[in-house]
Amino acid sequence: MTETKPRLLSGMQPSAESLHLGNYIGALLSWKALQETHDAFFFLADLHAITVPQDPAELRANTRRTMAQYIAAGIDPSKSTLFVQSHVPAHAELAWILNTLTGFGEAARMTQFKDKAAKQGQDAASVGLFTYPILQAGDILLYQAVDVPVGEDQRQHIELTRDLAARFNSRFGDTFTVPKPYILKDTAKIYDLQNPTSKMSKSAESASGVVWLLDEPKVTEKKIMRAVTDTDGEVRFDRDTKPGLANLLTIFAILANRSVDSVVEEFAGGGYGTFKKALAEVVVGTVAPIRERTLELLDDPAELDRILAVNADRAAVVAEATLAQVYDRVGLLPRRR
Ligand code: TYM
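Predicted model only: the values in this text are computed from it and were never measured.

This next bit is on the overall build of the protein. Secondary structure assignment for the protein yields 13 helices and five strands. Rg of the C-alpha trace for the protein: 21 Å, near the compact-globule value of 20 Å for 337 residues, within the 12% margin. Projecting the C-alpha coordinates of the protein onto the three principal axes gives extents of approximately 75 × 45 × 45 Å. Every one of the 337 residues in the protein was classed for burial, and the buried ones make up 50%. The contacts of the protein with a sequence gap of at least 6 include a subset with a gap of at least 24, amounting to 75%. Carbon and sulfur atoms provide 52% of the accessible area of the protein, an area that totals close to 16,200 Å². Put simply, the protein has 38 plus and 43 minus side-chain charges, and the middle of one group is 3 Å from the middle of the other.

Right, let's talk about the nonpolar core for a bit. One finds Leu 21, Tyr 24, Leu 28, Tyr 70, Ile 251 and Val 283 to be the most contacted residues of the largest nonpolar core, which totals 56 residues. Considering every element that reaches this core, the biggest residue donor is helix 12 (residues 272–298), with nine residues. With sequence-adjacent residues up to four places away left out, Ile 251 is seen in contact with Leu 21, Ile 25, Ile 190, Leu 193, Leu 279 and Val 283.

Right, let's talk about the packing of aromatic side chains for a bit. When we look at a pair of aromatic rings, we describe it by the centre distance and by the angle of the planes. One pass over the full model with this rule turns up 12 aromatic pairs. On the basis of an interplanar angle of 35° and a centroid distance of 4.9 Å, the ring pair of Phe 41 and Tyr 143 is categorised as tilted. Here Phe 41 is found in strand 2 (residues 39–44), whereas its partner Tyr 143 is found in the loop between helix 7 (127–142) and strand 4 (147–149), with 102 residues between them in sequence. Looking at Tyr 143, the relative accessible area reads 0%, which means it is buried. Look at Phe 104 and Phe 130: their rings are 5.0 Å apart centre to centre, the planes differ by 40°, and that puts the pair in the tilted class. Of this pair, Phe 104 sits in helix 5 (residues 104–108) while Phe 130 sits in helix 7; the two residues are 26 residues apart in sequence, bridging distant segments of the chain. A relative accessible area of 14% means that Phe 130 is categorised as buried.

This paragraph deals with the environment of Gly 74. By secondary structure assignment, the location of Gly 74 is in the loop between helix 3 (56–72) and strand 3 (81–84). For Gly 74, a relative accessible area of 25% gives the class partly exposed. Sequence-wise, Gly 74 and Leu 29 are 45 residues apart; in three dimensions their C-alpha atoms are separated by 8.3 Å. Filtering out sequence-adjacent residues up to four positions away, Gly 74 remains in contact with Lys 32 and Gln 35.

This paragraph deals with the site of the ligand. Neighbouring residues of the ligand: 29 residues in total, closest Tyr 132, Asp 139, Gly 151, Asp 153 and Ile 190. The contact in question runs from an oxygen atom of the ligand to an N or O atom on the side chain of Tyr 132, over 2.6 Å. Put simply, the parts of the chain that give the shell around the ligand at least two residues each are strand 1 (7–12), helix 1 (21–37) and helix 7.

To characterise two packed helices, one gives the angle between the axes of the helices and the distance between these axes. Across the interface, helix 6 (residues 111–120) lies against helix 7 with an axial gap of 10 Å and an inter-helix angle of 160°. Relative to helix 7, the element helix 6 is oriented roughly antiparallel. As for how helix 6 packs across helix 7, the hand of that crossing is right-handed. Contacts from Gln 112, Phe 113, Lys 116, Ala 117 and Gln 120 of helix 6 reach helix 7 at Leu 129, Phe 130 and Tyr 132. Per-class residue counts for the contact of helix 6 with helix 7 are five nonpolar, two polar and one charged.

A complete count under the given rule lists 19 salt bridges for this structure. Residue Lys 79 is joined to Glu 36 by a salt bridge in which the shortest nitrogen-to-oxygen separation is 3.0 Å. Pair noted here: Lys 79 is in the loop between helix 3 and strand 3 and Glu 36 is in helix 1, with a separation of 43 residues, a long-range link. Residue Glu 36 is classed as partly exposed on the basis of its relative accessible area of 41%. Here Arg 306 ties to Glu 303 by a salt bridge, and the two come within 3.0 Å at their closest N and O atoms. Separated by three residues within a single helix, Arg 306 and Glu 303 lie in helix 13 (residues 301–330), roughly one turn from each other. Here Arg 306 falls in the partly exposed class, since its relative accessible area comes to 44%.

Our focus in this paragraph is helix 9 (residues 217–225). Side chains that are three or four residues apart share a direction in an α-helix, a result of its 3.6 residues per turn. Restricting attention to buried positions, one finds in helix 9 the residues Thr 220, Lys 223 and Ile 224. Down the axis of helix 9, the sector holding all buried residues measures 95°, keeping them to one side. Seen from the open side of helix 9, the exposed residues pointing more than 90 degrees away from its buried face are Lys 218 and Lys 222.

Alternating residues of strand 3 divide into Thr 81 and Phe 83 and Leu 82 and Val 84, and every residue in both groups is buried. Two strands pair when backbone bridges link them, and strand 2 and strand 3 are joined in this way by four bridges, in the parallel orientation. Its bridge partner lying in strand 3, Phe 41 is registered against Thr 81.

Calculation criteria
Residues numbered from 1 in each chain as written. Predicted model: local features only at pLDDT ≥ 70, side-chain atom pairs only at ≥ 80, totals over all residues. Heavy atoms only, no water. Helix = DSSP H or I, 4+ residues; strand = E, 2+ residues; numbered from the N terminus. Rg over C-alpha atoms; globule rule 2.2 N^0.38 Å. Buried < 20%, exposed > 50% of the residue type's maximum accessible area, 1.4 Å probe, protein only. Contact = heavy atoms within 4.5 Å. Areas by Shrake-Rupley, 256 points an atom, 1.4 Å probe, with all protein chains shown as cover. Lys, Arg positive; Asp, Glu negative; His and termini not counted. Charge placed at Lys NZ, Arg CZ, Asp CG, Glu CD. Core = buried A, V, L, I, M, F, W, Y, C linked by side-chain atoms within 4.5 Å. Phe/Tyr/Trp six-rings, centres within 6.5 Å; stacked < 30°, edge-to-face > 60°. Near = heavy atom within 4 Å. Polar contact = N/O pair within 3.5 Å; in protein donor to acceptor, adjacent residues only side chain to side chain. Axes fitted to C-alpha atoms, helices over the stretch in contact; angles between N-to-C directions. Parallel < 35°, antiparallel > 145°, perpendicular 65-115°, else oblique. Left-handed = near helix turned anticlockwise from the far one by under 90°. Nonpolar A, V, L, I, M, F, W, Y, C, P; charged D, E, K, R; others polar. Salt bridge = Lys/Arg side-chain N within 4 Å of Asp/Glu carboxyl O. Arc of directions from axis to C-beta. Pairing = 2+ DSSP bridges.

Structure (structure tokens):
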């Protein structure tokens, strides 16, 4: 008898040409391991990506590029279900139902909305940006996911998802699995190299603080050598007084699969330059093969599209079954001939 594996789901927005080291460490690296132990669904959140203004041709290209980076980083579309959100219409459909169960004040408390809206100017922010976390809740609940591996910045959205699932279940009967956030403490937040108290982000003010997976190796090396540290010159881990160095030590330890203590011990006697040089080697050693494989995959867009289509079919079977049950529970009249 085959044991059923726990269901897992996660996604990213295809909102930049390249993913960055925060996405890799905070998400992809754990996804790769988790696909072995879970029935995993990974998707590209293109409907989320249009909650801020987008260029249509760029979005299409970035969706393929992000998919290629998933595969290049080790997500295997024959083990995991790897698809584009808009290819499965049930996402938008369930989001509508969940919209009707979400309080206005509840949605207004979401800090990511407040941050993003502040960046754009309150009046420019769309209603889609406001209801973004509700679409995200739909993504998760459609697949009855138990585990949702994300970085710390997504915790509040997973909490909302849990609240909505429990509310639906108590009002309409047991329908949804209540998911758990799966947040790996050490990797949950990678910071900007130039501004080490802000998270590394696709929308960073300056590109020099963000290590893009598709940067040329020379560029990556330069960014690391120029990363902001401090003036005391001592290699030791202190998140409060030495945030820049703490971030670099975290990145080294994770990518080299070592403890922070052992990295500190190795570099304690030397200056920052020696440490950064070694770190640049570790980062380039991880990122350069992903870049090369991504570029190879992008040479054959028809094959990528074929993989996405097959995977979307697999995803749709699960999603449509949940949606049908939801429509029934809510009391929508079925269309019958
Ligand atoms: P997105 O595209 O902003 O980020 C994708 C994943 O990368 C993680 N991440 C980081 N981890 C560590 N350090 C960082 N500096 C860093 N920056 C980003 C994020 O936590 C995330 O796990 N709303 C989601 C996409 C989404 C989703 C979902 C995720 C839509 N529906 C359903 C899970 C389940 C987002 O914008 O991720």
